[in-house]
Amino acid sequence: MPSHGLPLLPLNLVDLWIHADVLSGSAGKPPVEANLFMRQSSPFHPFAIVSLGWNTKPKGAYSWGQVESMARLVSCGYPFLSRVAFKVRASMVEASLAQLSWLLDVMPNATLVVWYADGEAPNPNVTHTLRKARPSAHIVQDLPQDHQLENLMEEAVPEMDAEAGKHENAAIGWSVEANNTASCRKASLLGRNAVVLGDNGVSMVLPESWSNFEAKLDLTKPRSLAVSIGDEKLALEGSCFQLVLNRSGQEVTSRAWPTTCKNHGSSSSSSKKPTAPAMVKQWTYGEPAPLKLQPSPGAVVYAVRLQDPPEDSTGAASTVVSTLLLVFFGVLAVKVPVL
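Definitions and cut-offs
- Residues numbered from 1 in each chain as written.
- Predicted model: local features only at pLDDT ≥ 70, side-chain atom pairs only at ≥ 80, totals over all residues.
- Heavy atoms only, no water.
- UniProt positions renumbered as here; feature names shortened; annotations may be inferred.
- Pairing = 2+ DSSP bridges.
- Helix = DSSP H or I, 4+ residues; strand = E, 2+ residues; numbered from the N terminus.
- Expected span 1.5 Å × (residues − 1).
- Buried < 20%, exposed > 50% of the residue type's maximum accessible area, 1.4 Å probe, protein only.
- Axes fitted to C-alpha atoms, helices over the stretch in contact; angles between N-to-C directions.
- Disulfide = S-S within 2.5 Å.
- Contact = heavy atoms within 4.5 Å.
- Parallel < 35°, antiparallel > 145°, perpendicular 65-115°, else oblique.
- Left-handed = near helix turned anticlockwise from the far one by under 90°.
- Nonpolar A, V, L, I, M, F, W, Y, C, P; charged D, E, K, R; others polar.
- Right-handed = clockwise from strand over helix to strand, strands pointing away.
- Polar contact = N/O pair within 3.5 Å; in protein donor to acceptor, adjacent residues only side chain to side chain.
- Salt bridge = Lys/Arg side-chain N within 4 Å of Asp/Glu carboxyl O.
- pLDDT = per-residue confidence, 0-100.

Going by an unreviewed UniProt entry, the protein chain carries the name Menorin-like domain-containing protein and comes from Rhipicephalus sanguineus. UniProt, in its Sequence similarities (unreviewed entry) section for the protein chain, records the words "Belongs to the menorin family."

This is the structure we're talking about:
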C-alpha cells in the first residue's frame, strides 16, 4: 500500500472508470477539488478512464465559461491523460449543444457520458439530438439500473447521410495569431465552428466569392469585442449578439442584433432576428483581407456560417430565352407556306 493511501492497481485494468464532479456548475461549488482528484487518480492508473463532471442541478445549461474551464483543466494541467471522459447531465444536453460540441472539438479523443439522475426517465430525443449534431463522437449512455438500453433505443437513431457527415467535418478556417506571452491557460481555443478567445487574436481567410457571414457572439465575460476586415472595424459592447456580414460585389454591410444570452447554445433557440438591427455599418470591400477577432479573453464566437453567393442564373436564363425564341420562330416558320 503506497504512503498516499491509494492502492496501486494493475496497469492492465483498462476498463476502470474513475469519476468525480470537479468543477462548479449550476449547483455551485463541486464536492471534490479538481487538482487534488487529478493528482491522486490519473498518475497511479494511467490506463483508466478519468471521468470529470460539473456540480449541477436538474435543469439548466452548461455555460461557455464552464466548458472552457474543463478544457483548460485537462489540456493545460494534465495533457498526458490518454483516456478522459466528460460526464454531462442528460436534461442539460439539448440546451448546451454548442458548448458541448466545442468541447469535443478541443478534446477530440474524449468520450461524452450522458447520465440520468435517479427517477429521471431516459429521453430518446437527447440521443437523437447528439447523434445528429455529432455523428462521429464517442458517446456513452449512463442509464438508471432499472432501465433497459433497448427502451431508450425504441426509436431508431437516424443514420447520417454523406452530406451530414461532410457538414460535421466542414471546419471554418480559423487560425490563431502568434503571441509569445499567451500561456496555455490564456490562449484562444478553436473549434470547428466556434472560438473561445483568449490573449491571442484569431483570424479567418475569407474566400474570394464569399457573400454571407453569420455568427452568434457571447460577450458575457469581456462585455466587448472588435471584429475587423482590413481597415474596417466593428466594435461591439454588450452581452450577446447575432452578427451578419452581407457582401454584394464590393459593398459590405454589417448588422448586429442584441439577443438573449439564456440558453444561447440551445439547438431549439430561435435564430429569428428583430427587424431593426442595433448597429449597421457599410464599407467598400477592396483587396481580399482576413476577418479578424481582436484579443478579448472570454469572448465566444460560435454557430459560424460562411456562404458563397448563389450560382449565377444569368447564363441559364439566357439559354432558356434563346431556346424559347428558337421554338417560337420555329413554330412561326412552320406556319409560313413554302413558295
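Asks: Help me understand the pairing of strand 14 (residues 251-258) in this model?
Replies: The two faces of the sheet receive side chains in turn, since in a regular strand these alternate between them. As paired strands, strand 13 (residues 240-248) and strand 14 are joined by eight bridges and run antiparallel to one another. Residue pairing in the sheet places Leu243 in a bridge with Ala256 of strand 14. Linking strand 13 to strand 14, which pair antiparallel, is a turn of two residues; within it Gly249 sits at a positive phi near 65 degrees.

Asks: Is there a simple way to think about helix 2 (residues 64-77) in this case?
Replies: Along an α-helix, residues three or four positions apart point the same way, because every turn accommodates 3.6 residues. Helix length check: helix 2 (14 residues) gives 19 Å between terminal C-alpha atoms against 20 Å at 1.5 Å per residue, within 8%. Burial runs high along helix 2: 10 of the 14 residues are buried. Residues of helix 2 that are buried include every one of Trp64, Gln66, Val67, Glu68, Met70, Ala71, Arg72, Leu73, Val74 and Cys76, and no others.

Asks: Any chance you could explain unusual backbone geometry here in plain terms?
Replies: Phi is mostly negative for residues that are not glycine, and the peptide bonds are mostly trans. A positive phi angle, near 70 degrees, is found at Arg223, a position not held by glycine. For Arg223, the position within the fold is in the loop between strand 10 (212-218) and strand 11 (224-229). At Ala303, a residue that is not glycine, the phi angle is positive and equals roughly 50 degrees. For Ala303, a relative accessible area of 38% puts it in the partly exposed group.

Asks: Teacher, can you tell me more about the sheet that holds strand 16 (residues 291-293) here?
Replies: Adjacent strands of a sheet pair through backbone hydrogen bonds, lying either parallel or antiparallel. Sheet architecture is open: five strands sit in the order 6-9-16-11-12, paired in antiparallel fashion. Among the strands making up the open sheet, the edge pair consists of strand 6 (174-176) and strand 12 (232-237). Averaged over neighbouring strand pairs, the angle between their axes works out to 20 degrees when direction is ignored.

Asks: Would you mind showing me how to read the sheet that holds strand 5 (residues 138-142) here?
Replies: What the five strands build is an open sheet, ordered 1-2-3-4-5; its pairing is parallel. Where the open sheet ends on each side, the last strands, each with one partner, are strand 1 (17-24) and strand 5. Adjacent strand axes in the sheet meet at a mean angle of 30 degrees, parallel and antiparallel pairs treated alike.

Asks: I keep staring at the state of the cysteines and nothing clicks. Help me out?
Replies: Simply put, the disulfide is a covalent bond whose two ends are the sulfur atoms of two cysteines. Counted by the stated rule, this structure contains two disulfides. Each sulfur in the disulfide pair Cys76 and Cys184 lies 2.0 Å from the other. One quick way to see it: the torsion about the S-S bond of Cys76 and Cys184 is about -85 degrees, and its sign makes the bridge left-handed. Of the two residues, Cys76 is situated in helix 2 and Cys184 in the loop between strand 6 and strand 7 (189-190); the sequence distance between them amounts to 108 residues.

Asks: How should I be thinking about the environment of Val88 in this particular structure?
Replies: With respect to the helices and strands, the residue Val88 is situated in strand 3 (residues 84-89). Relative accessible area serves as the criterion here: at 0%, Val88 is assigned to the buried category. Contact partners of Val88, with chain neighbours within four places excluded, come to Trp54, Tyr62, Val93, Leu100, Leu112, Val113, Val114 and Trp115.

Asks: Please explain the packing of helix 2 against helix 3 (residues 97-106) as it appears in this structure.
Replies: Between two packed helices, both the angle of their axes relative to each other and the distance between the axes serve to describe the pair. Relative orientation of the contacting elements helix 2 and helix 3 amounts to 15 degrees, with a least axis distance of 9 Å. With respect to their mutual orientation, helix 2 and helix 3 come out roughly parallel. Here the hand of the crossing between helix 2 and helix 3 comes out right-handed. Packed against helix 2, whose contacting residues are Trp64, Val67, Glu68 and Ala71, the element helix 3 presents Ala98, Gln99, Leu100, Trp102, Leu103 and Val106 at the interface. The residue inventory of the contact of helix 2 with helix 3, partitioned by class, reads eight nonpolar, one polar and one charged.

Asks: Help me out: how do you make sense of the pairing of strand 1 in this one?
Replies: Summarising the sheet, strand 1 and strand 2 (residues 49-55) pair through seven bridges and their orientation is parallel. Of the residues in strand 2, the one forming a bridge with Asp21 is Gly53. A crossover links strand 1 with its parallel partner strand 2, the connecting element being helix 1 (residues 34-41), and its sense is right-handed.

Asks: Would you mind going over helix 4 (residues 124-133) with me for this structure?
Replies: Buried residues of helix 4: Pro124, Val126, Thr127, His128, Thr129 and Leu130, and no others. By the N-cap criterion, in which a side-chain oxygen at the helix start approaches the backbone nitrogen of a residue two or three places on, helix 4 is capped by Asn123, the distance to Asn125 being 2.9 Å.

Asks: Is there a simple way to think about the pattern of salt bridges in this case?
Replies: Pairing between side chains of opposite charge can happen when their charged atoms approach one another. Taken as a whole and judged by the stated rule, the model has five salt bridges. The shortest N-O distance in the salt bridge between Glu232 and Lys281 comes to 3.6 Å. Taken together, the positions of Glu232 in strand 12 and Lys281 in strand 15 (residues 279-284) put the pair 49 residues apart, joining distant regions of the chain. A relative accessible area of 29% means that Glu232 is categorised as partly exposed. Each of Asp105, Arg134 and Arg192 takes part in a single network of salt bridges with overlapping partners.

Asks: Where do I start with the confidence of the model for the protein chain in this structure?
Replies: Detailed reading of the predicted model is not advised wherever pLDDT is low. Of all residues in the protein chain, 75% have pLDDT values of 70 or greater, and the mean over the chain is 79. Taken together, the stretch residues 160-170 has pLDDT below 50 and engages in 10 contacts with residues farther than four places along the chain or on a different chain.

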